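Fold and contact review
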Amino acid sequence: MKNTVSIFAGHDSNITFYDAKNDKYHVIELERLLKKRYFRLHVDNDPQTIIQILSQCRDIAEKYWGIENDYDAVITVQDGWLDPNIIREVFNTNEVRQFADHHHSHAAGAFYMSPYEKALIISYDGGGNDGHFLIYEGSEKGVSPIAKVESDFGGGYLLCGSTIRDITEKTRNPLAIAGKLMGLCAYGNVNETWLPEFRKIFFDRDYKGLAERTGLPFKNVDDPWGQVLTNWNFENQEAYDIAAATQRAFEDCFFGILESLMEKHPDLPLVITGGAGLNVLANEKIKVRYGKDVYVPPNPNDCGLSVGNLFLYKKPSKRVDVTYNGLPLLDIENLESEIEKRKAVKVTKKEVAELVKNGKIVGLVYGDSEVGPRALGNRSIVCDPAYPDMKNILNSKVKFREWFRPFAPFCKKEEAHLYFDSPNFENLEYMSYAPMVKEEYKDKLPSITHVDGSSRLQTVTPESHEGFYELLDEFGKLSDTNVLLNTSFNIRGYPILSTIEDALHVLDNTELDYVVIEDYLFSKD
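Residues numbered from 1 in each chain as written. Predicted model: local features only at pLDDT ≥ 70, side-chain atom pairs only at ≥ 80, totals over all residues. Heavy atoms only, no water.

1. Points about the overall build of the chain
Rule in force here: Numbering goes from the N terminus for both helices and strands, where a helix is a DSSP run of H or I of at least four residues and a strand is a run of E of at least two. Each radius of gyration is computed over the set of C-alpha atoms, and the globule rule expresses the reference value as 2.2 Å times the number of residues to the power 0.38. For the exposure calls, accessible area comes from a 1.4 Å probe over protein chains only, and a residue counts as buried if that area is under 20% of its type's maximum, exposed if over 50%, partly exposed in between. The Shrake-Rupley method, run with a 1.4 Å probe sphere, supplies the accessible areas, and residue values consider only the shown protein chains as cover. Positive residues here are Lys and Arg, negative ones are Asp and Glu, while His and the chain termini are left out of the count. Where a charge sits is defined by one atom per residue type, namely NZ (Lys), CZ (Arg), CG (Asp) or CD (Glu).
Secondary structure summary: the chain contains 18 helices and 20 strands in total. At 22 Å, the chain has a C-alpha radius of gyration in line with the 24 Å of a compact globule built from 525 residues. Principal-axis analysis of the C-alpha atoms places the extent of the chain at approximately 65 × 60 × 45 Å. The buried share of the chain, taken over its 525 residues, is 60%. For the chain, the exposed surface amounts to about 20,400 Å²; the carbon and sulfur share of it is 45%. Taken as two groups, the 59 positive and 80 negative side-chain charges of the chain have centres that lie 1 Å from each other.

2. Some points on the sheet that holds strand 19 (residues 514-517)
Put simply, the rule reads: What makes two strands pair is DSSP finding at least two bridges between them. Every residue pair with non-hydrogen atoms within 4.5 Å of one another is taken to be in contact. Note on geometry: axes are lines fitted to C-alpha atoms, helical ones only across the stretch in contact, with angles between N-to-C directions running from 0 to 180 degrees.
The 8 strands are arranged 11-20-19-12-13-18-14-17 in an open sheet whose pairing can be described as mixed. One side of each edge strand has no neighbouring strand; the edge strands of this open sheet are strand 11 (345-346) and strand 17 (458-460). Across 4 bridges, the pairing between strand 13 (residues 379-383) and strand 18 (residues 484-488) is antiparallel. Looking at the pairing, S380 lines up with S488 of strand 18. Contacting strand 12 (362-365), strand 19 and strand 20 (520-522), helix 18 (residues 500-509) runs over the sheet at an angle of about 160 degrees to strand 19.

3. Quick word on the packing of aromatic side chains
We apply this condition: A pair of aromatic rings is counted whenever rings of Phe, Tyr or Trp (Trp by its six-membered ring) have centres within 6.5 Å, and the orientation is called stacked for planes under 30 degrees apart, edge-to-face for over 60 and tilted otherwise. As a reminder, the over-ring test applies to NZ of lysine and CZ of arginine, requiring each to be within 6 Å of the ring centre and within 35 degrees of the ring normal.
Taken as a whole and judged by the stated rule, the model has 33 aromatic pairs. Plain terms: the ring middles of F17 and W65 are 6.4 Å apart, the flat faces sit at 55 degrees to each other, and that makes the pair tilted. A residue pair is termed long-range when its members are at least 10 positions apart, and F17 in strand 2 (residues 14-19) and W65 in helix 2 (residues 47-65) qualify at 48 residues. An angle of 70 degrees between the planes, with centres 5.0 Å apart, marks the rings of Y187 and W403 as edge-to-face. Taken as a pair, Y187 in the loop between helix 7 (177-184) and helix 8 (195-204) and W403 in the loop between helix 15 (390-398) and strand 14 (408-412) lie far apart in primary sequence, 216 residues in all. By relative accessible area, W403 is classed as partly exposed at 39%. Following the ring pairs from residue to residue traces out a cluster consisting of Y124, F133, F153, Y157, F202, F203, F250, F254, F255 and Y290. Sitting over the face of the ring of F255, R289 holds its NZ or CZ atom 4.0 Å from the ring centroid. Of note, R401 hangs over the ring of F407, and the distance from its end group to the ring centre comes to 4.1 Å.

4. Some remarks on the side chain of N490
Counted only if it meets this: Whenever a nitrogen or oxygen atom comes within 3.5 Å of another N or O atom, the pair is scored as a polar contact, on the condition that within protein one atom can donate a hydrogen and the other can accept it, and that pairs from neighbouring residues in sequence are kept only if both atoms are in side chains.
Considering the arrangement of structural elements, one finds N490 in the loop between strand 18 and helix 18. Side chain to side chain, N490 and K399 meet in a polar contact 2.7 Å long. Among the polar contacts made by the side chain of N490, one reaches the main-chain carbonyl oxygen of Y494 at a distance of 2.6 Å. Beyond its immediate chain neighbours, meaning those up to four positions away, N490 contacts K399, P495 and I496.

5. Focus on the pairing of strand 14
In regular strands, side chains alternate between the two faces of the sheet. Of all 5 residues that make up strand 14, 5 are buried, and the element is covered over most of its length. Relative to strand 18, strand 14 runs antiparallel, the two sharing 3 bridges. Bridge assignment links A408 to a residue of strand 18, and that residue is N486.

6. Focus: the packing of helix 8 against helix 10 (residues 236-264)
Our working rule: Crossings are assigned a handedness: left-handed for a near helix turned anticlockwise from the far helix by less than a right angle, right-handed for a clockwise turn. Residue polarity is assigned by list, with Asp, Glu, Lys and Arg as charged and Ala, Val, Leu, Ile, Met, Phe, Trp, Tyr, Cys and Pro as nonpolar; anything else, Gly included, falls into the polar class.
Relative orientation of the contacting elements helix 8 and helix 10 amounts to 60 degrees, with a least axis distance of 8 Å. The hand of the helix 8/helix 10 crossing is right-handed. Here L195, F198, R199, F202 and F203 of helix 8 come into contact with helix 10, specifically with I242, A245, T246, R248, A249, F250, D252, C253 and I257. Looking at the contact of helix 8 with helix 10, its residues break down into 10 nonpolar, 1 polar and 3 charged.

7. Focus on the side chain of S139
One can find S139 in strand 7 (residues 131-139). Residue classification places S139 among the buried positions, given a relative accessible area of 10%. Residue contacts for S139: discarding those within four places in its chain leaves F111, E117 and K118.

8. Considering the state of the cysteines
Let me state the cut-off plainly: We call a pair of cysteine sulfur atoms a disulfide when they lie within 2.5 Å.
Overall, the coordinates contain 0 disulfides when judged by the stated rule. Sulfur of C57: no disulfide; nearest cysteine sulfur belongs to C303 and is 14 Å away. The thiol sulfur of C383 is not disulfide-bonded, and the nearest other cysteine sulfur, from C411, lies at 15 Å. Judged by its relative accessible area of 0%, C383 falls in the buried class.

9. With respect to the nonpolar core
Put simply, the test is: Residue types Ala, Val, Leu, Ile, Met, Phe, Trp, Tyr and Cys, when buried and joined through side-chain atoms within 4.5 Å, form a set referred to as a nonpolar core.
In this structure, I122, F254 and I517 are the most contacted members of the largest nonpolar core, which totals 93 residues. Broken down by element, the residue count for this core peaks at 14 residues, all from helix 10. Not counting chain neighbours up to four residues away, the residues in contact with I122 comprise F133, L134, I135, F254, L258, L261, L270, V271, I272 and T273. Listed in part, the 30 residues of the second largest apolar core include Y18, I75, A108 and V143.

10. As for the sheet that holds strand 5 (residues 96-98)
If you trace the 5 strands from one edge of the open sheet to the other, you get 3-2-1-4-5, paired in mixed fashion. Taken across any chain shown, the strands that pair with only one partner, and hence form the sheet edges, are strand 3 (24-29) and strand 5. Here the strands of the sheet are splayed against their neighbours by 20 degrees on average, with no regard to which way each runs. As paired strands, strand 4 (residues 73-76) and strand 5 are joined by 3 bridges and run parallel to one another. The residue of strand 5 that forms the bridge with T76 is Q98.

11. Notes on the pattern of salt bridges
Selection rule: We count a salt bridge whenever a side-chain nitrogen from Lys or Arg sits within 4 Å of a carboxyl oxygen from Asp or Glu.
Throughout the structure, instances matching the rule amount to 25 salt bridges. Residues K412 and D473 are paired through a salt bridge, measuring 2.4 Å at the closest nitrogen-oxygen approach. Placement of K412 in strand 14 and of D473 in helix 17 (residues 466-476) is noted, with a sequence separation of 61 residues between them. We classify K412 as buried; its relative accessible area is 8%.

Functional significance is not addressed by these values, which are geometric in nature.
Pasting the structure below:
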């Protein structure tokens, strides 16, 4: 296969470039390029703007990855379509065509990044051109659909979350609701009398009916989708209880479907993808309940669709890892001048570990960015979770986000069993699960222990992230608990950053203490 481009133009728009010479895939998530979260290319922009954005991406691929503007094909995902004439304005290509369906792309993207030769694949979310919940089998023959479930886990979860003031009042985009609900639900108590009704919304999406059957005074019952961000009507404990009921109902419905699949395919490992694959609470419960091998990719949401579309166009000959194949630092040429101007100094992992041990909050910027919604070491903010007030400092003075949102730990894979409880610690490199913190470490690691005792763990090996592993090597010499806190290098309302300029802006305008860029330590201006 020659150089190829794959485009998904819906929300979380993304473009994957295949470099045939080096057999390598590179991913541009447009929200990071344009600094607009959940960016949607096709509907929200006129043709000339689309051409300008695609041209930027084409030029990045040539400048930073050496991929010339000479392509065998440009393919689009079926429900992220663009006018072929616009594409031909930008790319020198032999062919432009719509290719794979939404969930088929999700499934292929996840399967060909997984460690399995054969697997059962579930893709579920708020919907694509081919439905909301599809099941596939992946093997050496390819990725084949085997079943479809009429449901809407993404939509039902979002609607219930939209009723809660703490989640919705200051939210700019409805797509942010689900992640916030997942954090808030731990503060609630499940009202068992509500549960049967909450379960129904994941299949009938009947918001008005849910209000009538539970007696809960939902707003906008005749048109909850018209202005989703005005749906909030609940606060304090009642709101937290709604969040808890929503999460429990989500899990009950999911496991009701999964149970029959496990009976039919007891020996196959499981791959979970689609936007609902970001539900780390459900993912952890799969492992606990079934003791199965489970894989969730770093990009299960729609930001992974262009990769999967490309895998279906040309099946990879081996497992593909795109975890750190995202956007480069787009102003890397300014690094030397910034080092000189701000008197940055070369720093070792030992010195960074000492800063962190002394309570400092440090931003880390290296190489090309992570692919997917979670920072995994190349665009991360790290600190010591042993400090009791670190979570509140990060939420209120660095990230500027809601008080209830938890932070993720990372540790060496071989040491994870010391601090966390889980049936196994396989495939935890991407913060896709929420194991419980061991009882004896909950007070020692307060800033990564959520109110329910869970933690969205990232395990690290020398192969998965050499820099993070080295940092843990050094931190472990200084601390009784060799666990660090990792959160994405961005501030509220903005995507993970892609420039030195933005990294230094965050340093100068928040309570962040230092930034390390390619092993140079920057202090506040």
